[in-house]
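Below, each chain spelled out in residue letters.
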Amino acid sequence: MTARYALYYAPRRESPLWDKASAWLGRDAYSGASCNPPELAGLGQIDLGALTQDPRGYGFHATLKAPFELREGRTEAELVDFTRTFAGLRQSFSADIGPSRLGRFHAFLLMAPSAEMEALHAACVREFDGFRAPLSEFDLARRRKSGLTPRQDELLVDWGYPYVFEEFRFHMTLTGPVRDEDVSLRLSEHLSQYFLDETGPHNFDGVALFKQSERGAPFLILERAAFA
């Protein structure tokens, strides 16, 4: 059994956004506990459990450094210490966020470009890469099934993930793919109301180190390191 780690953005455990998003997904990645889902008045027969099955295992997050196995010779304790040091050298920043559609998915997105978020993402990709084991042939093939561009394939080989740097788009996933347009429109309306108080300026004040004990297991927050 080989563990995987990831650098994600996750809100503070005590924040209303974390509480509401964890309830929506059905799981709290800090504790690993299941959460009671919100009331779905107006959504009819939509199965929220099925709709959120894929993102539930990851917990509410935005990917900064995609899941990786540890490089030979590196340890979890070193990774935790590095995460704390990395965070301690950075400053909090604010950016507007809100629930929106991303293709067939629903997610929290930035409402305007953020140079600070772009810089944070790029720093995570580069500075944590010394902990990342090279991708296996299995993982390379799995990623390539989605149909990558030549540039995305280059990024996959170099950095272990195809959606980095100019391919990066901040998103905190709320659903799996929704193929019914009527359902998607109803979800958009419901999510806008459900997250009304959490839409707008958001303080990005830390990064979270997530751990997956083995493939297929849910991710849990191992450490959330606050910015200076």
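Just above sits the structure.
Residues numbered from 1 in each chain as written. Predicted model: local features only at pLDDT ≥ 70, side-chain atom pairs only at ≥ 80, totals over all residues. Heavy atoms only, no water.

(A) Main features of the pattern of salt bridges. All chains considered together, the criterion is met by 19 salt bridges. When the shortest N-O distance is used, the salt bridge between Asp205 and Arg12 registers 3.3 Å. Of this pair, Asp205 sits in the loop between strand 6 (200–204) and strand 7 (206–212) while Arg12 sits in the loop between strand 1 (4–9) and helix 1 (16–25); the two residues are 193 residues apart in sequence, bridging distant segments of the chain. Judged by relative accessible area, which is 13%, Asp205 ranks as buried. A salt bridge links Glu154 to Arg151, with the shortest nitrogen-to-oxygen separation between them at 3.2 Å. (Salt bridge = Lys/Arg side-chain N within 4 Å of Asp/Glu carboxyl O. Helix = DSSP H or I, 4+ residues; strand = E, 2+ residues; numbered from the N terminus. Buried < 20%, exposed > 50% of the residue type's maximum accessible area, 1.4 Å probe, protein only.)

(B) Structural view of the environment of Leu209. Position of Leu209 relative to the elements: it lies in strand 7. A residue is classified by how much of its surface remains accessible, and Leu209, at 0% relative accessible area, is buried. Each C-alpha atom of the pair Leu209 and Leu148 lies 27 Å from the other, and the pair is 61 residues apart in sequence. Contacts of Leu209, omitting those with residues within four sequence positions, involve Tyr5, Ala6, Leu7, Leu79, Val80, Thr83, Leu220, Ile221, Leu222 and Glu223. (Contact = heavy atoms within 4.5 Å.)

(C) Highlighting the environment of Leu25. Relative to the elements of secondary structure, Leu25 occurs in helix 1. Take Leu25: its relative accessible area is 1%, and that puts it in the buried class. The spatial distance from the C-alpha of Leu25 to the C-alpha of Asp54 is 9.2 Å, given a sequence separation of 29 residues.

(D) A look at the layout of surface pockets. Estimated volume of the largest pocket: approximately 850 Å³. Together, 34 residues line the largest pocket, and Thr63, Arg143, Tyr161, His171 and Thr173 are the ones closest to its centre. If you list the elements that add at least two residues to the lining of the largest pocket, you get strand 1, helix 3 (53–56), strand 2 (62–68), strand 4 (105–110), helix 5 (115–127), helix 6 (137–144) and strand 5 (171–173). Class assignment for the residues of the lining of the largest pocket results in 18 nonpolar, eight polar and eight charged. (1 Å grid on protein atoms, 1.4 Å probe; cavity = no way out; pocket = protein on both sides within 12 Å on 5 of 7 lines; lining within 4 Å. Points joined across faces, edges and corners; volume = space filled by probe spheres on them. Nonpolar A, V, L, I, M, F, W, Y, C, P; charged D, E, K, R; others polar.)

(E) Representation of helix 7 (residues 150–159) in the model. All of the buried residues along helix 7 are Gln152, Leu155 and Leu156. Taken end-on, helix 7 shows its buried residues confined to a sector of 105°, consistent with a single buried face. Where helix 7 is buried, its residues touch helix 6. One or two positions beyond helix 7, positive phi appears at Gly160, with a value near 85°. (Arc of directions from axis to C-beta.)

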